[in-house]
Amino acid sequence: MSDGKGAVGAGHYPSLVRNEALKSNGYAVSLVLRGHKAMPPFGRMLSDDQVAAVVNYIRTHFDNDYTDAVTAQDVKDAR
Ligand code: HEM
């Protein structure tokens, strides 16, 4: 959702607000690239720059303050 709080209903969409799972930048990159359970993979849809941008966005918004930014090269290496 626009506020990052996730949703519960037909499925469980975890909240990204103050989410300690985002501490590890590698976890978020891997999840966006490969997906997990009901989360679809975006690796073939997004460029390295786009994956880095969305991961850096969620890690520095929604009350998250992880400033060790991911680079496009990090994403490339994770593919
Ligand atoms: C590029 C856009 C997206 C980003 C950056 C993103 C990010 C994330 C992150 C970081 C998590 C892990 C949360 C945690 O472990 O606490 C997550 C989980 C999840 N996301 Fe996304 N997500 C995106 C798009 C979507 C979409 C489009 C859907 C549904 C159609 C979705 C469904 C889910 C679900 C169901 C989970 C839980 C997966 C599990 O059970 O392991 N996500 N997402």
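What you see is a predicted model; the values in this text were computed from it and never measured.

What counts and how
- Residues numbered from 1 in each chain as written.
- Predicted model: local features only at pLDDT ≥ 70, side-chain atom pairs only at ≥ 80, totals over all residues.
- Buried ≥ 20, exposed ≤ 12 C-beta atoms within 10 Å, placed from the backbone.
- Helix = DSSP H or I, 4+ residues; strand = E, 2+ residues; numbered from the N terminus.
- Arc of directions from axis to C-beta.
- Expected span 1.5 Å × (residues − 1).
- Contact = placed C-beta atoms within 7 Å.
- Near = placed C-beta within 6 Å.
- Nonpolar A, V, L, I, M, F, W, Y, C, P; charged D, E, K, R; others polar.

Caption draft 1: Structural view of helix 1 (residues 25-34). Considered for burial, the residues of helix 1 that qualify are Ala28, Val29 and Val32. Burial along helix 1 is one-sided: seen end-on, the buried residues are contained in an arc of 100 degrees. Downstream of helix 1 by one or two residues, Gly35 has phi in the positive range, about 70 degrees.

Caption draft 2: Main features of helix 2 (residues 48-60). Taking 1.5 Å as the rise per residue, helix 2 with 13 residues should run 18 Å; its terminal C-alpha atoms sit 18 Å apart, in good agreement. Buried within helix 2 we find Asp48, Val51, Ala52, Val55 and Arg59. For helix 2, the arc enclosing every buried residue in end-on projection is 100 degrees, short of the 170-degree limit, so these residues lie on one face. Those residues of helix 2 that are buried are in contact with helix 1 and helix 3 (72-78). Immediately downstream of helix 2, the backbone of Phe62 shows phi near 55 degrees, a positive value.

Caption draft 3: How the structure looks around the environment of Gly43. Note on placement: Gly43 falls in the loop between helix 1 and helix 2. Classification of Gly43 by C-beta neighbours within 10 Å gives partly exposed; the count is 16. Residues Gly43 and Val32 lie eleven residues apart in sequence; the distance between their C-alpha atoms is 6.8 Å. When neighbours within four sequence positions are excluded, Gly43 is seen to be in contact with Leu33, Arg34 and Arg79.

Caption draft 4: Structural view of the site of the ligand. As a structural note, the neighbourhood of the ligand is formed by 17 residues, with Ala21, His36, Lys37, Ala38 and Met39 the closest of them. Of all elements in the fold, only helix 1 and helix 2 reach the threshold of two or more residues within the shell around the ligand. Tallied by class, residues from the shell around the ligand come to 13 nonpolar, three polar and one charged.

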